[in-house]
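Examination of the molecular architecture
What follows is the residue order along each chain.
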Amino acid sequence: MINFAHRGASGNFPENTLLAFEKAINIKVSGIELDVHKTKDNRLVVIHDEDIERTFYGKGLVKDFTLEELKKFKCRKELFRDNEKCKIPTLEEVLDLTRKADLILNIEIKTDNIHYKGIEKDVIDLINRYSLRNRVILSSFNHETIQICKKIDKDVATGMLYDEPIENVVEYAKRIKVNAIHPSKDLVSKELIEEAHKNNILVNIYTVNEIDDMKRLKEYNANGLFTDYPEILKEIF
């Protein structure tokens, strides 16, 4: 089972920062999850929200700032406010950090609310430049984005995120040709995982922070768990 550090080791360190990813690597996780948006000057940056306000001192949409402007914002967590590893990183910076680690990268393409022009091709081009295609899963709540990724590269691994029930979800996943489904933990049953596996579809589940849930989903034979506390998941398995 893949232990995905959700936005890095985000339970104890600022999410989606080089520090959070570095800490995840140090505890030897088998996977890291991160989120990607595009800047005003078409750079791929790693941050969860469309707006910077929740995680950084500032306000405004990622798409309305240049990379240089984004780099000036400081982390909202006071303990890490002046830590240079807690700025908004580029996807290149994260790939530089993780490329030599023995892990899977789940890159969530954040087109839920803003469909950045060409983001799918930009991400695929970059992971190919780093020769990481075989170690990457591209996921999104926007299933059109997943289909675009498959049109660009039919062999790239994809994961379909969803947080509301989808009727006949395994059949739907087969129809849009994803490699994995990524449901919220509240939508998962043992039967769902068994059905997915019978159809050669993996099941990676988010966000699993309680030990009881970790144990239950491990028993259900989940392929991967996304957790803010990868050190706890690693400790119990």
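Since we're looking at a predicted model, the values are computed, not measured. (Residues numbered from 1 in each chain as written. Predicted model: local features only at pLDDT ≥ 70, side-chain atom pairs only at ≥ 80, totals over all residues. Heavy atoms only, no water.)

1. Things to note about the overall build of the chain
In terms of helices and strands, the chain carries nine helices and nine strands. Radius of gyration (C-alpha) of the chain: 17 Å, near the 18 Å computed for a compact globule of 237 residues. In terms of overall dimensions, the chain has a C-alpha envelope of 50 × 40 × 30 Å along the principal axes. Counting every position in the chain, which comprises 237 residues, the buried fraction comes to 52%. The long-range share in the chain, meaning contacts at least 24 apart out of those at least 6 apart in sequence, stands at 53%. Carbon and sulfur atoms make up 45% of the accessible area of the chain, which amounts to about 11,300 Å² in all. Taken as two groups, the 38 positive and 42 negative side-chain charges of the chain have centres that lie 4 Å from each other. (Helix = DSSP H or I, 4+ residues; strand = E, 2+ residues; numbered from the N terminus. Rg over C-alpha atoms; globule rule 2.2 N^0.38 Å. Buried < 20%, exposed > 50% of the residue type's maximum accessible area, 1.4 Å probe, protein only. Contact = heavy atoms within 4.5 Å. Areas by Shrake-Rupley, 256 points an atom, 1.4 Å probe, with all protein chains shown as cover. Lys, Arg positive; Asp, Glu negative; His and termini not counted. Charge placed at Lys NZ, Arg CZ, Asp CG, Glu CD.)

2. A short note on helix α5 (residues 143–152)
Listing the buried residues of α5 in full gives H143, T145, I146, C149 and K150. Taken around the axis of α5, the buried residues stretch over an arc of 155 degrees, which confines them to a single face. On its buried side, α5 packs onto β4 (104–109), α4 (119–129), β5 (136–140), β6 (157–162) and α6 (169–175). (Arc of directions from axis to C-beta.)

3. Here we look at the packing of aromatic side chains
How two aromatic rings sit relative to each other is set out by the distance from centre to centre and by the angle between their planes. This structure, assessed with the given rule, holds four aromatic pairs. Pairing F65 with F73 gives two aromatic rings, centres 5.1 Å apart and planes at 75 degrees, and the pair type is edge-to-face. Residues F65 and F73 agree in their burial class; the two are buried. Taking the centre distance of 6.0 Å and the plane angle of 90 degrees together, the rings of F141 and Y206 count as edge-to-face. In this pair, F141 sits in the loop between β5 and α5 while Y206 sits in the loop between β8 (202–205) and α8 (211–219), placing the two residues 65 residues apart along the sequence. When its relative accessible area of 15% is taken as the criterion, Y206 is described as buried. It is R81 that lies over the ring of Y57; its NZ or CZ is 4.6 Å from the centre. The residue whose ring lies beneath K218 is F237, and the NZ or CZ to ring-centre distance is 5.6 Å. (Phe/Tyr/Trp six-rings, centres within 6.5 Å; stacked < 30°, edge-to-face > 60°. Lys NZ or Arg CZ within 6 Å of the ring centre and 35° of its normal.)

4. Here's the deal with helix α3 (residues 91–98)
Where α3 is concerned, the buried positions are L91, E92, V94, L95 and T98. Viewed end-on, α3 has its buried residues packed into an arc of 160 degrees, placing them on one side of the element. Contacts made by the buried residues of α3 are with α1 (18–26), β2 (31–38), β3 (44–46), β4 and α4.

5. Considering the UniProt feature "domain: GP-PDE" (unreviewed entry) in the chain
The sites that carry the UniProt feature "domain: GP-PDE" (unreviewed entry) are, in the present numbering, residues 1–237. Secondary structure within residues 1–237 divides into 31% helix and 19% strand; the distance between the first and last C-alpha atoms comes to 9 Å. (UniProt positions renumbered as here; feature names shortened; annotations may be inferred.)

6. Considerations on the environment of D112
Tracing the backbone shows D112 in the loop between β4 and α4. Taking the C-alpha atoms as reference points, D112 and N142, 30 residues apart in sequence, are found 5.4 Å from one another.

7. Some words on the side chain of T227
Mapped onto the elements, T227 comes out in strand β9 (residues 224–227). The class of T227 is buried, set by a relative accessible area of 0%. Polar contacts involving the side chain of T227 include one to the side chain of N209, which spans 3.1 Å. With residues near it in sequence (within four places) discarded, T227 still touches N3, F4, A5, H6, G8, T207, V208, N209, M214 and L233. (Polar contact = N/O pair within 3.5 Å; in protein donor to acceptor, adjacent residues only side chain to side chain.)

8. Section: empty space enclosed by the protein
One way to see where empty space is left: roll a probe the size of a water molecule over the atoms. Taken as a whole and assessed by the stated rule, the structure comprises one cavity of 30 Å³ or more. If you add up the space inside the largest cavity, you get close to 30 Å³. Around the largest cavity, the lining residues are E15, N16, V46, I47, H48, T55 and F56. (1 Å grid on protein atoms, 1.4 Å probe; cavity = no way out; pocket = protein on both sides within 12 Å on 5 of 7 lines; lining within 4 Å. Points joined across faces, edges and corners; volume = space filled by probe spheres on them.)

9. So, the pattern of salt bridges
Under the defined criterion, the tally for this structure stands at 21 salt bridges. Note that K71 is salt-bridged to E93, the shortest N-O span being 2.8 Å. Of this pair, K71 sits in the loop between α2 (67–70) and α3 while E93 sits in helix α3; the two residues are 22 residues apart in sequence, bridging distant segments of the chain. Assessed through its relative accessible area of 24%, K71 is described here as partly exposed. Overall, E93 belongs to the partly exposed group, its relative accessible area being 28%. (Salt bridge = Lys/Arg side-chain N within 4 Å of Asp/Glu carboxyl O.)

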